[in-house]
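Each chain, letter by letter, is given below.
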Amino acid sequence: MCVTAVESRPAGVALTPSPGGHRPFGARVKAFVALTKPRIIELLLITTVPVMFLAAQGVPDLWLVLTTTVGGYLSAGGANALNMYIDRDIDALMDRTSQRPLVTGMVSPRECLVFGISLGVVSTLWFGLLVNWLSAALALGALLFYVVVYTMLLKRRTSQNIIWGGIAGCLPVLIGWSSVTNSLSWAAVILFAVIFFWTPPHYWPLSMKVKEDYARVGVPMLPVIASNRVVARQIVIYSWVMVGVSLLLTPLGYTGWFYTAVALLAGGFWLWEAHGLQNRARAGVTGGKLKEMRLFHWSITYVSLLFLAVAVDPFLR
């Protein structure tokens, strides 16, 4: 991941648009969309929609898929906007976040706060009125957990931040299931656990890459306070648990041979990459040769393949 500098300026110096046309409408629209962090929401929807196919044991109602997807985007977008509002001080000091709308001045803090709260309210009502109130409660819970528990309480205080804060990113799995059944099941809980154990080894490699950014602002991500060897060992531990949990769906009767094959192959390659990172960290490799971003990029491919298999498997049983 990289940031292309538009102007030569130190990180942390916000660009304050002067009055009279330096915030054109099109740029403002793009800025408000950026507040929702669309690329992160893509991952959340990848874990929501396939679960709806598993819950329906086939094709779910397409209107329900649409309303759940829109509601999920609105809810996650509101959470992300509020996250940017709270973190605007450290975003201005980190290279990877120095072009966010609040830092550049394209959106004011007040506008961001109103925007985030509005999306949260609208998304909760959207889910409640068009999907069901269980899904609405789960979506609101995810938003509050991400904003209050992760962003406000954990992120700047403990290296456990991404572990427990990641629960917010697990809840879309439950939302997908509940939107179809208006209930929860062990299948949804297992997939929730997969994402729970996936989140730290997904994010820690990226944190290893940009740990100077986090160190500069005093955010104690694990790679900031621990050696690469320790972080890599934790990645391997979480990876083995994640792969093991992913295989529980089949013996419990929720999935068949196709999902099992994908989970084994994709999980096996994940473990290969995780152990490769650990071996390089043990050998004292640093810099670009550590290749930590290989696991980060594979983690996105892994979760996409696994949940694609979740959606396809009901048609092959």
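All figures in this text were calculated on a predicted structure; none of them were measured in a lab.

Draft legend 1. Local environment of the nonpolar core. Formed by 84 residues in total, the largest nonpolar core has its most connected members in Leu191, Trp198, Trp204, Ile235, Trp270, Tyr302 and Phe307. Looking at this core, the element that brings in the most residues is helix H10 (residues 186-209), giving 14 residues. Setting aside chain neighbours within four positions, we find isoleucine 235 in contact with Pro201, Trp204, Pro205, Met208, Ala274, Leu277 and Leu295. With 9 residues, the next largest nonpolar core counts Ala31, Phe32, Leu35 and Met84 among its residues.

Draft legend 2. Representation of the side chain of serine 179 within the structure. Among the structural elements, serine 179 can be located in helix H9 (residues 167-181). In contact with serine 179, not counting residues within four places along its chain, are Met52, Leu64, Thr68, Val131, Asn132 and Ser135.

Draft legend 3. Focus on a nonpolar patch on the surface. A cluster of nonpolar side chains, Trp63, Leu66, Ile117, Val121, Leu125, Leu129, Leu130 and Trp133, forms an exposed patch at the surface whose accessible area comes to about 840 Å². Breaking the nonpolar patch down by element, the ones donating at least two residues are helix H3 (62-86) and helix H6 (109-130). With 5 residues, H6 is the single largest residue contributor to the nonpolar patch. For tryptophan 63, the position within the fold is in helix H3. Residue class for tryptophan 63 comes out exposed when judged on its relative accessible area of 53%.

Draft legend 4. A look at the packing of helix H2 (residues 38-56) against H9. At a minimum axis separation of 8 Å, H2 and H9 run at an interaxial angle of 30°. You can see that H2 and H9 cross each other, and the crossing is right-handed. Of H9, the residues touching H2 (which contributes Leu44, Thr47, Thr48, Val51, Met52, Leu54, Ala55 and Ala56) are Gly169, Pro172, Val173, Gly176, Trp177, Ser179, Val180 and Thr181. Its residues assigned to classes, the contact of H2 with H9 shows 10 nonpolar, 6 polar and no charged.

Draft legend 5. Quick look at unusual backbone geometry. Although it is not a glycine, asparagine 182 sits at a positive phi angle of roughly 55°. Following the sequence through the fold, asparagine 182 ends up in the loop between H9 and H10. Of note in the backbone geometry, lysine 291 takes a positive phi value of approximately 55° without being a glycine. Structurally, lysine 291 is set in the loop between helix H14 (257-282) and helix H15 (292-312). Residue lysine 291 is classed as partly exposed on the basis of its relative accessible area of 41%.

Draft legend 6. Structural context of the packing of aromatic side chains. Counted under the stated rule, the structure contains 10 aromatic pairs. Look at tryptophan 204 and tyrosine 238: their rings are 5.5 Å apart centre to centre, the planes differ by 85°, and that puts the pair in the edge-to-face class. In this pair, tryptophan 204 is assigned in helix H10 and tyrosine 238 in helix H13 (residues 228-246), connecting sequence segments 34 residues apart. Like tryptophan 204, the residue tyrosine 238 is buried in the burial classification. Between the aromatic rings of tryptophan 270 and tyrosine 302, the centroid separation amounts to 5.1 Å while the plane-to-plane angle is 65°, which identifies the pairing as edge-to-face.

Draft legend 7. Structural context of the pattern of salt bridges. Across all of its chains, the model carries 8 salt bridges by this definition. Between aspartate 87 and lysine 155 there is a salt bridge; the shortest N-O distance is 2.6 Å. Remark: lysine 155 occurs in the loop between helix H7 (133-154) and helix H8 (161-165) and aspartate 87 occurs in the loop between H3 and helix H4 (88-91); sequence separation between them is 68 residues. Taking relative accessible area as the criterion, lysine 155 reaches 9% and is therefore assigned buried. Between arginine 216 and aspartate 213 there is a salt bridge; the shortest N-O distance is 2.7 Å. With arginine 216 and aspartate 213 both in helix H11 (residues 211-217), this residue pair falls 3 residues apart, about one helical turn.

Reading guide: rules and limits
Residues numbered from 1 in each chain as written. Predicted model: local features only at pLDDT ≥ 70, side-chain atom pairs only at ≥ 80, totals over all residues. Heavy atoms only, no water. Core = buried A, V, L, I, M, F, W, Y, C linked by side-chain atoms within 4.5 Å. Buried < 20%, exposed > 50% of the residue type's maximum accessible area, 1.4 Å probe, protein only. Helix = DSSP H or I, 4+ residues; strand = E, 2+ residues; numbered from the N terminus. Contact = heavy atoms within 4.5 Å. Patch = residues over 30% accessible without salt bridge, like charges linked within 9 Å, V, L, I, M, F, W, Y side chains within 5 Å. Areas by Shrake-Rupley, 256 points an atom, 1.4 Å probe, with all protein chains shown as cover. Salt bridge = Lys/Arg side-chain N within 4 Å of Asp/Glu carboxyl O. Axes fitted to C-alpha atoms, helices over the stretch in contact; angles between N-to-C directions. Left-handed = near helix turned anticlockwise from the far one by under 90°. Nonpolar A, V, L, I, M, F, W, Y, C, P; charged D, E, K, R; others polar. Phe/Tyr/Trp six-rings, centres within 6.5 Å; stacked < 30°, edge-to-face > 60°.

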